[in-house]
Amino acid sequence: MEVKTSLLDNMIGVGDMVLLEPLSEESFINNLKKRFDHSEIYTYIGSVVVSINPYRSLPIYSPEKVEEYRNRNFYELSPHIFALSDEAYRSLRDQDKDQCILITGESGAGKTEASKLVMSYVAAVCGKGAEVNQVKEQLLQSNPVLEAFGNAKTVRNDNSSRFGKYMDIEFDFKGDPLGGVISNYLLEKSRVVKQPRGERNFHIFYQILSGATEDMLNKLKLQRDFSRYNYLSLDSSRVNGVDDAVNFRTVRVRESMAQLNPRHMTQNCKASILHFQEWELKEICELTGIDQSVLERAFSFRTLEAKQEKVSTTLNVAQAYYARDALAKNLYSRLFSWLVTRINESIKAQTKVRKKVMGVLDIYGFEIFEDNSFEQFIINYCNEKLQQIFIELTLKEEQEEYIREDIEWTHIEYFNNAIICDLIENNQTGILAMLDEECLRPGTVTDDTFLEKLNQVCATHQHFESRMSKCSRFLNDTSLPHSCFRIQHYAGKVMYQVEGFVDKNNDLLYRDLSQAMWKANHSLIKALFPEGNPAKINLKRPPTAGSQFKASVATLMKNLQTKNPNYIRCIKPNDKKAAHIFSDALVCHQVRYLGLLENVRVRRAGYAFRQPYELCLERYKMLCKQTWPHWRGPARAGVEVLFNELEIPVEEYSYGRSKIFIRNPRTLFKLEDLRKQRLEDLATLIQKIYRGWKYRTRFLLMKKSQIVIASWYRRYKIKSSSIVVQSYIRGWKVSLTSLSSKCLGFCSLRLIKSEDVMQKYFLEMKSKMPSLSPIDKNWPARPYLFLDSTHKELKRIFHLWRCKKYRDQFTDQQKLIYEEKLEASELFKDKKALYPASVGQPFHGAYLEISKNPKYKKLKDAVEEKIIIAEVVNKINRANGKCASRIFLLTKNNVLLADQKSGHIKSEVPLGDVTKVSMSSQNDGFFAVHLKEGSGAAGKGDFLFSSDHLIEMATKLYRTTLSQTKQKLNIEISDEYAIFLSFLKGCVLPCSRLSDGKNCFPGPSQLCKTQAASSLELCSQLDFVISC
């Protein structure tokens, strides 16, 4: 049998949350924690992978692991991100289904690392070849470049992605990669000019200052000192464990591998951004090739145009600072978009054949900070849309599988967050629409006017809260400041500060600045600001940031709905970015806003577990004799036989077209427990057979070796003997030549005579053979002395043969009798003087025909067991020493004493309470039956009997006790033995002889009681005394 592993084997906790029992938020968190403590960072929710960031390296991503998960069933091995990647890739390659892998989670949860692992796995398992390897290399090398430009250190993550990335990897019909397309969403460009405390600007700025050569820094007019540049955060400019200089050199190499031509001089753009903060216009103009006067005027004046009229206004200090920061942000944002475009040009498919697509979405997770602004609002809106499509596609997938398997579909109740999405994106009353309307209307527009408009339009919405709302239920909520509003997202309530909403949504860059940048001699900068071309002046207001992002999200959702989704939900275990720490409260918060518990409930609404018939039969076939070890029919028929044999209730499972559906996790765990027990039994059986084979093989080898050794030994002995014989023969020949012919004739005559003697001996033995009776001791006399040993051996062999012939004639009853006689011989021969007289007496046992005598009908009815002995004995009364006749009955389990006249049972003693039988070595029939101390029958003391069949009774009592209790009954033969009587605390019973030296056998009438001496005396022939 081929043994396969499964996520059910050697589970730590529960590998699939769908099987968690009972299901609650507490048990969900505890299961994640238990697995995390054992370095099991992946857990399934059906086909969804939950990943917990371990904050340390684990040996689970080696090439050996890649091969282990390659072409394996999703549930065949323990949970892993490779299993989901392999499932998605095989579905794309074999079933021609476009795939998308959605990776979500908050900052620091490991989304970027998860996307890298997915791409590295797909690159490892797809085809080989020079061209294919080049495409794979370009796809993989684009990641470090994008991370340098789009990632930054935050308080939650040292390498946080500050943009959303969606990458379509294109494959041919064989599953080999052809190229890819990257889409980026909402780069956090405000980070270029301002970072929260404890965070850094984008990595690339620190890398260029740390890793660039002195010659490059001189050309860029830069210095290594971070403190010279206010755009760079100083309190966290260094990151533990990160070498910015090494990373810069890596980025330079990866840029060349990704075919990013260095002649574009992206460094000039990055250096210019750093110079903006210090108003170093001379250095900026030298780097960009812009006339300094043009740039100075662009920062000092703003030109407004309306219908061929131009109005120029002077900028105040605040407006100049705003223009500088806006230009820095726009320059970096456009540089990043240009970089993505260049990467797309280098990795795009070169052929026009039909392509299969696998999308990987790595996008910011739901964010709740102390101060939440426009960026968090946009990010959380995106997550609302992703949650909506997640629920829809999950339900759709469940429904499609039930329909495909012909299983009845049950409607599932779930929270639909469409009402929250509508609150944000509705074209008339949505928050984004209100924000755009405020940005476009004439007059004074501030963040406060925007909040007032929200209070008017959204006041009655159940998911919107504001201190200024007309709804009275919020008027007393002092936790909500006046300049904020709160939205009840699917992940919880988030409070947003309206400050900066209008400006960030406008994302306004003065036309004068665009035109100044277009006049640069630097080709890249000129290309980044095409709207500055006077020949292409467009007076139409550019779209707001909110509307652009809304359109991008709509396009993304439309793209995702055309593909088969695969989900990776990333969770951050703690805020300290430390290994081995699991914060229950933090994880619980993420579980709630990711909707994981609701996802489990959706998956379990129908059937908790499903498995193809072939895999189910292969895993559990050992539980049924009909399916073990091989089932010859269809797999479904085998599963039906198996479940019927195990008597599993029919409501606990359903048969689909290709799968068995199990409703309750308890049923699956019951199957697993039965399988585990059965595997232990099979392992024991295999061990037993193996040990038998091993020792038999060893025995046969030893036997063969013994034969070889014996043959060589015999050969040696024969050779030695032949040498001796040869020496004698040679001597004989020598002596023979010296002998006379008379001597030779005499020897020949003697040999002939010896043969005649042997022949005569055996013929006489044939005619003188004794009878076949084993007790016949006659044997013919030995005729010759030299035949003495032969004569004795023949006598022994003949006796054994006739004994066997005699025994073969016995019936089973006779064998039993002789076995009892043999037992009596071993117990009493040469020990009890009475024994020789009993040898010739057959053991009848039932001396009283109780079944035939109507007098004993009552006794017969009272005894249900088979009677082994029924005999009248004389019992010495333990109270007064008098004799009384009693019927002694021995059954399989008890010794019974009954009245001889009435047949009424007087005493009943279990065989287990009989400890010993004592008797003298003389020719008397007295014996004592000793009882276990503390037993019910021992209350009046031991029994003292006299019987004419003592040997038979003691033998049968011994054999019956041994058969029932598996313990040998002690038979004590001594002229003195102790008995216990109720009226005497302890006594010794000695036996004496008559004056003529002959043994006596006292009768019952010879016993009397002597009151004065307080003892029993044996009068007349035997002086029998019991002295206290």
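Quick caveat, the model's predicted, so the values are computed rather than measured.

### Comments concerning the overall build of the protein chain
Piece 1. Counting its regular elements, the protein chain contains 31 helices and 30 strands.
Piece 2. Out of the 1028 residues belonging to the protein chain, those deemed buried represent 48%.
Piece 3. In the protein chain, 64% of the contacts between residues at least 6 apart in sequence involve partners at least 24 apart.
Piece 4. When the accessible surface of the protein chain is split by element, carbon and sulfur atoms take 52% of a total near 53,000 Å².

### Regarding the sheet that holds strand β23 (residues 926-931)
Piece 1. With mixed pairing, 8 strands are arranged side by side in an open sheet as β21-β20-β19-β18-β24-β23-β22-β25. This sheet does not close on itself; its edge strands, each paired only once, are β21 (905-910) and β25 (970-973). When the angles between neighbouring strand axes are averaged without regard to direction, this sheet yields 30°.
Piece 2. Summarising the sheet, strand β18 (residues 867-876) and strand β19 (residues 883-891) pair through 9 bridges and their orientation is antiparallel. Bridging across to β19, Ile 876 finds its partner in Cys 883.

### Digging into the UniProt feature "binding site: ATP" (unreviewed entry) in the protein chain
Piece 1. The positions UniProt marks with the feature "binding site: ATP" (unreviewed entry) are Gly 105, Glu 106, Ser 107, Gly 108, Ala 109, Gly 110, Lys 111 and Thr 112.
Piece 2. Secondary-structure assignment places Gly 105 in the loop between β3 (99-104) and α4 (111-125).
Piece 3. Owing to a relative accessible area of 0%, Gly 105 belongs among the buried residues under this scheme.
Piece 4. Excluding its chain neighbours within four sequence positions, the residues that come into contact with Gly 105 are Lys 111, Ile 363, Tyr 364, Gly 365, Cys 570, Tyr 593 and Leu 594.
Piece 5. Locating Gly 110 in the fold gives a position in the loop between β3 and α4.

### Topic: helix α3 (residues 81-95)
Piece 1. Its 15 residues give α3 an end-to-end C-alpha distance of 21 Å, which sits within 8% of 21 Å, the value for a rise of 1.5 Å per residue.
Piece 2. In terms of burial, α3 is a largely internal element, 11 of the 15 residues being buried.
Piece 3. The set of residues buried in α3 consists of Ile 81, Phe 82, Ala 83, Leu 84, Ser 85, Asp 86, Ala 88, Tyr 89, Arg 90, Ser 91 and Leu 92.
Piece 4. Asp 96 sits one or two positions beyond α3 and adopts a positive phi of about 60°.

### Quick look at the packing of aromatic side chains
Piece 1. This structure, assessed with the given rule, holds 30 aromatic pairs.
Piece 2. Pairing Trp 779 with Phe 798 gives two aromatic rings, centres 5.7 Å apart and planes at 40°, and the pair type is tilted. Highlighted residues: Trp 779 in the loop between α26 (741-767) and α27 (788-807) and Phe 798 in helix α27, separated in sequence by 19 residues. An identical accessibility class is assigned to Trp 779 and Phe 798; each is buried.
Piece 3. Following the ring pairs from residue to residue traces out a cluster consisting of Phe 374, Phe 377, Phe 450, Phe 464, Phe 485, Tyr 496 and Phe 501.
Piece 4. The aromatic ring of Tyr 206 is capped on one face by Arg 200, whose charged end is 4.0 Å from the ring centroid.
Piece 5. Looking at Arg 297, its charged tip hangs above the ring of Phe 301, at a distance of 4.6 Å from the centre.

### As for the packing of helix α28 (residues 812-828) against helix α31 (residues 950-965)
Piece 1. Between α28 and α31, the shortest axis-to-axis distance is 10 Å and the interhelical angle comes to 100°. Here α28 is positioned roughly perpendicular relative to α31, judged by the angle of their axes. Touching Leu 816, Glu 819, Glu 820, Glu 823, Ala 824, Leu 827 and Phe 828 of α28 are Ile 951, Ala 954, Thr 955, Lys 956, Tyr 958 and Arg 959, all from α31.
Piece 2. A class-by-class count of the residues in the contact of α28 with α31 yields 7 nonpolar, 1 polar and 5 charged.

### Considerations on the packing of helix α23 (residues 613-620) against helix α24 (residues 635-646)
Piece 1. Contact geometry for α23 and α24: axes closest at 8 Å, N-to-C directions at 45°. Viewed along their axes, α23 and α24 adopt a mutual orientation that is oblique. Here α23 and α24 pass one another in a crossing that is left-handed. Contact with α23, carried on its side by Tyr 613, Glu 614, Cys 616, Leu 617 and Tyr 620, involves Ala 635, Arg 636, Gly 638, Val 639, Leu 642 and Phe 643 of α24 and no other residues of that element.
Piece 2. Residue composition of the contact of α23 with α24, grouped by class: 8 nonpolar, 1 polar and 2 charged.

### Some details on the sheet that holds strand β1 (residues 42-45)
Piece 1. The 7 strands are arranged β1-β2-β14-β3-β10-β6-β7 in an open sheet whose pairing can be described as mixed. Two strands bound the open sheet, and with one partner strand each, they are β1 and β7 (177-185). Across the sheet, the mean angle separating the axes of adjacent strands is 20° when strand polarity is ignored.
Piece 2. Sheet topology places strand β2 (residues 48-52) next to strand β14 (residues 564-571); 4 bridges connect them, and they run parallel. Note that in β14 the partner of Ser 51 across the bridge is Cys 570.
Piece 3. Against the sheet, helix α22 (residues 596-604) engages β1, β2 and β14, with an angle of about 45° to β1.

### Section: unusual backbone geometry
Piece 1. For the bond running from Glu 21 to Pro 22, omega is -5°, close enough to zero to count as cis.
Piece 2. A cis amide bond links Trp 628 to the next residue, Pro 629, at an omega of 0°.
Piece 3. Turning to its location among the elements, Pro 629 is positioned in the loop between α23 and α24.
Piece 4. Residue Asn 71 is not a glycine yet carries a positive backbone phi of 55°.
Piece 5. Structurally, Asn 71 can be placed in the loop between α2 (63-69) and α3.
Piece 6. Despite not being glycine, His 580 shows a phi value in the positive range, around 65°.
Piece 7. With respect to the helices, strands and loops of the structure, His 580 is situated in the loop between β14 and α21 (584-593).

### Side note on the nonpolar core
Piece 1. Counting 102 residues, the largest nonpolar core has Phe 149, Leu 209, Tyr 332 and Ile 568 as the members making the most contacts within it.
Piece 2. In terms of residue count, the dominant contributor to this core is helix α12 (residues 317-347) (13 residues).

### Points about a nonpolar patch on the surface
Piece 1. Taken together, Val 725, Ile 729 and Trp 732 make up a surface patch of nonpolar side chains, about 290 Å² in accessible area.
Piece 2. Turning to its location among the elements, Trp 732 is positioned in helix α25 (residues 665-738).
Piece 3. Judged by its relative accessible area of 48%, Trp 732 falls in the partly exposed class.

### Digging into the pairing of β1
Piece 1. Both faces of β1 are covered, namely the face carrying Tyr 42 and Tyr 44 and the face carrying Thr 43 and Ile 45.
Piece 2. Taken together, the 4 bridges between β1 and β2 define a ladder with antiparallel strand orientation. Looking across to β2, one finds that Thr 43 is bridged to Val 50.
Piece 3. Where β1 folds back on β2, the antiparallel hairpin that results is connected by 2 residues, among which Gly 46 adopts a positive phi of roughly 65°.

### Brief notes about the pattern of salt bridges
Piece 1. Under the counting rule described, the total for this entry stands at 43 salt bridges.
Piece 2. Across the salt bridge formed by Arg 90 and Asp 86, the nearest N and O atoms sit 2.6 Å from each other. One end of the pair is Arg 90 and the other is Asp 86, both in helix α3 and 4 residues apart, which spans about a single turn. Each of the two residues, Arg 90 as well as Asp 86, counts as buried.

### Structural notes on the environment of Ala 323
Piece 1. Checked against the element boundaries, Ala 323 lands in helix α12.
Piece 2. Separated by 25 residues in the primary sequence, Ala 323 and Ala 298 have C-alpha atoms spaced 8.8 Å apart.
Piece 3. Contact partners of Ala 323, with chain neighbours within four places excluded, come to Phe 299, Leu 315, Tyr 510 and Leu 513.

### Quick notes on α12
Piece 1. Its 31 residues place the ends of α12 45 Å apart at the C-alpha level, agreeing with the 45 Å of an ideal helix rising 1.5 Å per residue.
Piece 2. Near the N-terminus of α12, the side chain that reaches the backbone nitrogen of Ala 318, with its oxygen 3.3 Å away, is that of Asn 316.

### Quick word on the pairing of β18
Piece 1. By the criterion of burial, β18 is predominantly enclosed, with 7 of the 10 residues buried.
Piece 2. One ladder, built from 2 bridges, connects β18 with strand β24 (residues 943-946); its direction is antiparallel. Note that in β24 the partner of Lys 875 across the bridge is Phe 945.

Rules used throughout
- Each chain has its residues counted from 1, running along the sequence as written.
- This being a predicted model, a pLDDT of at least 70 is required before a residue's local features are given, and a value of 80 or more before pairs of side-chain atoms are given or counted; all residues contribute to the totals for chains, interfaces and linings.
- Hydrogens are left out, water is left out, and the side-chain values use all remaining heavy atoms of the structure.
- Helix numbers and strand numbers start at the N terminus; a helix is a DSSP run of H or I with at least 4 residues, a strand a run of E with at least 2.
- Burial classes follow relative accessibility: with a 1.4 Å probe on protein chains only, a residue under 20% of its type's maximum area counts as buried, one over 50% as exposed, and anything between as partly exposed.
- Note on contacts: a residue pair is in contact if any heavy atoms of the two residues lie within 4.5 Å.
- Values of accessible area rely on a 1.4 Å probe in the Shrake-Rupley scheme; residue burial ignores everything except the protein chains shown.
- Paired strands, in this sense, are two strands between which DSSP finds at least two bridges.
- Interaxial angle, 0 to 180 degrees, is taken between N-to-C directions of lines fitted to C-alpha atoms, where a helix line uses only the stretch in contact.
- UniProt positions are given in the numbering used here, feature names are shortened, and annotations may be inferred rather than shown by experiment.
- Expected span of a helix, by definition, is 1.5 Å for each gap between consecutive residues, and there is one gap fewer than residues.
- Pairing of aromatic side chains here covers Phe, Tyr and the six-membered ring of Trp, requires ring centres within 6.5 Å, and sorts the geometry by plane angle: under 30 degrees stacked, over 60 edge-to-face, intermediate tilted.
- Comment: the charge-over-ring label is applied if NZ (Lys) or CZ (Arg) is within 6 Å of the ring centre and within 35 degrees of the ring normal.
- Oblique is the label for any angle not under 35 degrees, not over 145, and not in the 65 to 115 range, which are roughly parallel, roughly antiparallel and roughly perpendicular in turn.
- Under the scheme applied here, ten amino acids are nonpolar (Ala, Val, Leu, Ile, Met, Phe, Trp, Tyr, Cys and Pro), four are charged (Asp, Glu, Lys and Arg), and all others, including Gly, are polar.
- For any pair of crossing helices, the crossing counts as left-handed if the nearer helix is rotated counterclockwise from the farther one by less than a right angle, and right-handed if it is rotated clockwise.
- Throughout, nonpolar core names a set of buried Ala, Val, Leu, Ile, Met, Phe, Trp, Tyr and Cys residues whose side chains join them through atoms within 4.5 Å.
- Candidates for patches are residues over 30% relative accessible area with no salt bridge; among them, like charges are joined within 9 Å and nonpolar side chains (Val, Leu, Ile, Met, Phe, Trp, Tyr) within 5 Å.
- Salt bridges are counted wherever a side-chain nitrogen of Lys or Arg sits within 4 Å of a carboxyl oxygen of Asp or Glu.
- Pairs of N or O atoms are called polar contacts if they sit within 3.5 Å, as long as, within protein, a hydrogen donor faces a hydrogen acceptor (for residues adjacent in sequence, only side-chain-to-side-chain pairs).

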